[in-house]
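Residue-level structure breakdown
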Amino acid sequence: MRAIRYHGPKKPLQLEEIATPTPGPGDVLVRVTAAGVCHTELHFLSGLLDLGVAPLTLGHEIVGRIERVGEGVGPARVGERVIVYYYSGCGRCLHCLRGDENLCDALRAEHGFVTDGGFAEYVRVPARNAVPLPGGISDADAAPIGCGVTTAVHAASLARVGLGDWVVVYGVGAVGFGLVQVARLRGARVIAVGRTPQKLEAARALGADATVRAGAEDVAARVREITGGRGADVVFELVATRETMAASARSLAKRGRLVFVGYSEDTFEIHPIQLVVGEQSVLGSVGNTLAELQEAVELVAQGRVRTMVDRVLPLERFQEGVDALSGGSLLGRAVLKP
Ligand SMILES: NC(=O)c1ccc[n+]([C@@H]2O[C@H](COP(=O)([O-])OP(=O)(O)OC[C@H]3O[C@@H](n4cnc5c(N)ncnc54)[C@H](OP(=O)(O)O)[C@@H]3O)[C@@H](O)[C@H]2O)c1
Ligand SMILES: [Zn+2]
Ligand SMILES: [Zn+2]
């Protein structure tokens, strides 16, 4: 089969012919029909995220059809349209027992991170990781649910976004568009921050109450103004450069939560006195649980959350998707169609 292979930091991705996997006991073989390109792919390429596994097929926003099943999996599943849950936890560690599979101490697999992912014609996953997708949404539109929407569902829950909160979404790409909508559904008022006017317009169309143009406006000052001096109860950082982190921290309300979802090579610096006197907290959010993927699928199926797909590209044009993403020219995701 054809697959886009990652060979380690600072090396180009390559389209290669590799063996089609065979489903082992408890597995299914998924014929991939759509796979979203996440910003995390850029961190793999730069080496900022280096999990030490190469060669590897990247791609963790995966939609397809079950084509074969392994021993112990009912043949009735063949033909099912599914989206992949990319973590496969050990099922035994404290985190798995609590349902926090995204924090598992002994992952059996993490598709597109340390286990082959979806930038290929086929991917082999455990049967429970192949989550049925209801109709009414195309494969390409469904792909960004797998990380873009699920990451938003998880981060909003971790930050306890609630009724009447002022929420800043700093960086409106695929995850940011998810957060704008999920925060609104939880009863919050949303301020989207970005540099590209079209992305801010899209954020407004998805429910943002206000937008701030980074670079042209003083973000923290505008957030204070919009919130009547209060500041933001929650700031989601999807960019996390020195400059944006400083603005994010200055935007926080008392008891505000600064949530890192994105990261860059820069380090976060804050004087503890700010956290102390304002009783503020800083937290990180990673991935999502299987239950949160189910929730994300339902939200999109019911039309309560929309994904944004800028373009769909055949697998061999993967570089175009990667370049457009790193150049900042995508309104939402580029989705590969193997
Ligand atoms: N923790 C997790 O589980 C998780 C999951 C998924 C992704 N991530 C991370 O989250 C981050 C966002 O992912 P994504 O896929 O949504 O990325 P993305 O689609 O590239 O979106 C990020 C957006 O940030 C904006 N941006 C860049 N620099 C900016 C600045 N200085 N000020 C304001 N806006 C700026 C860009 O739009 P403009 O054109 O407006 O600049 C860009 O569209 C990445 O770091 C990714 O690795 C983490
Ligand atoms: Zn992702
Ligand atoms: Zn575990």
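Residues numbered from 1 in each chain as written. Chains lettered and ligands numbered in written order. Predicted model: local features only at pLDDT ≥ 70, side-chain atom pairs only at ≥ 80, totals over all residues. Heavy atoms only, no water.

Looking at the coordination of the zinc ion (ligand 3)
In an ideal octahedron of six donors the angles at the metal are 90 or 180 degrees, and in an ideal tetrahedron of four donors they are 109.5 degrees. Keep this limit in mind: The donor set comprises N, O and S atoms within 2.8 Å of the metal, extended to 3.2 Å for Na, K and Ca; water molecules are omitted, so apparent gaps in a site may simply reflect that omission. Tetrahedral means four donors with every angle between 85 and 135 degrees, whereas square planar (four donors) and octahedral (six donors) require angles over 155 degrees between opposite donors and between 65 and 115 for all others; sites fitting neither are termed irregular. For every residue, the accessible area obtained with a 1.4 Å probe (protein chains only) is divided by the maximum for its type, and the residue is called buried under 20%, exposed over 50%, and partly exposed between those limits.
Within the protein, Cys90 (SG), Cys93 (SG), Cys96 (SG) and Cys104 (SG) serve as the donor atoms for the zinc ion (ligand 3), at 2.4 Å. Angles of 102 to 117° at the metal separate the 4 donor atoms of the zinc ion (ligand 3), which places the site in the tetrahedral class. Within one chain, the residues serving as donors to the zinc ion (ligand 3) are arranged as C-x2-C-x2-C-x7-C. Given the relative accessible area of 12%, Cys93 is considered buried.

Examining the coordination of the zinc ion (ligand 2)
Basically, it comes down to this: Secondary structure elements are taken from DSSP: a helix is a run of H or I of four residues or more, a strand is a run of E of two residues or more, and numbering for both begins at the N terminus.
Distances from the zinc ion (ligand 2) to its protein donors, Cys38 (SG), His60 (NE2) and Cys147 (SG), fall within 2.0 to 2.3 Å. Within one chain, the residues donating to the zinc ion (ligand 2) are spaced in sequence as C-x21-H-x86-C. With a gap of 87 residues between them, His60 in the loop between strand E4 (56-57) and strand E5 (61-69) and Cys147 in the loop between helix H3 (139-142) and helix H4 (148-158) connect regions that are remote in the sequence. A residue is classified by how much of its surface remains accessible, and His60, at 1% relative accessible area, is buried. Residue Cys147 is classed as buried on the basis of its relative accessible area, which comes to 6%.

Some words on empty space enclosed by the protein
Gaps left between atoms are located by rolling a probe of water-molecule size over the structure's atoms. Going by this rule: Cavity means a closed set of points on a 1 Å grid over the protein atoms alone, one where a 1.4 Å probe fits but cannot get out, pocket means an open set with protein on both sides within 12 Å along at least 5 of 7 lines, and lining means a residue has an atom within 4 Å of a point. Grid points are joined across faces, edges and corners, and a volume is the space filled by probe spheres set on the points. Just so you know, the domain bounds were taken from an automatic or database domain assignment.
In total, this model carries 1 cavity of 30 Å³ or more according to the counting rule given. Here the largest cavity defines a volume of roughly 60 Å³. Pro144, Gly148, Val149, Ala174, Phe177, Gly178, Gln181, Arg306, Thr307 and Met308 together form the lining of the largest cavity. Listed by contribution, the elements that provide at least two residues to the lining of the largest cavity are H4 and helix H5 (174-185). Looking at which domains feed residues into the lining of the largest cavity, each of domain 1 (2-144 + 288-337) and domain 2 (149-284) gives three or more.

Observations regarding the site of ligand 1
The condition that has to hold: For each residue, the test is whether any non-hydrogen atom lies within 4 Å of the molecule or strand; if one does, the residue is near. Any pair of N or O atoms that falls within 3.5 Å is considered a polar contact. Within protein, one atom must be able to donate a hydrogen and the other to accept it, and sequence-neighbouring residues count only if both atoms are side-chain atoms. Note on areas: these come from Shrake-Rupley sampling with a 1.4 Å probe, and a residue is covered only by the protein chains present in the view. Gly is placed with the polar residues, together with every amino acid not listed as nonpolar (Ala, Val, Leu, Ile, Met, Phe, Trp, Tyr, Cys and Pro) or charged (Asp, Glu, Lys and Arg).
What surrounds ligand 1 is a group of 29 residues, the closest being His39, Arg195, Thr196, Ser285 and Gly287. A distance of 2.6 Å separates an oxygen atom of ligand 1 from a polar side-chain atom of His39. Between ligand 1 and the protein, one listed contact pairs an oxygen atom with a side-chain N or O atom of Thr40 at 3.0 Å. Within the complex, the protein chains bury 91% of what would otherwise be the 910 Å² of accessible surface of ligand 1. Residue assignment for the shell around ligand 1 shows that the elements contributing at least two residues are helix H1 (39-46) and H5. At 3 residues, H1 tops the list of elements feeding residues into the shell around ligand 1. When its residues are assigned to classes, the shell around ligand 1 shows 13 nonpolar, 13 polar and 3 charged.

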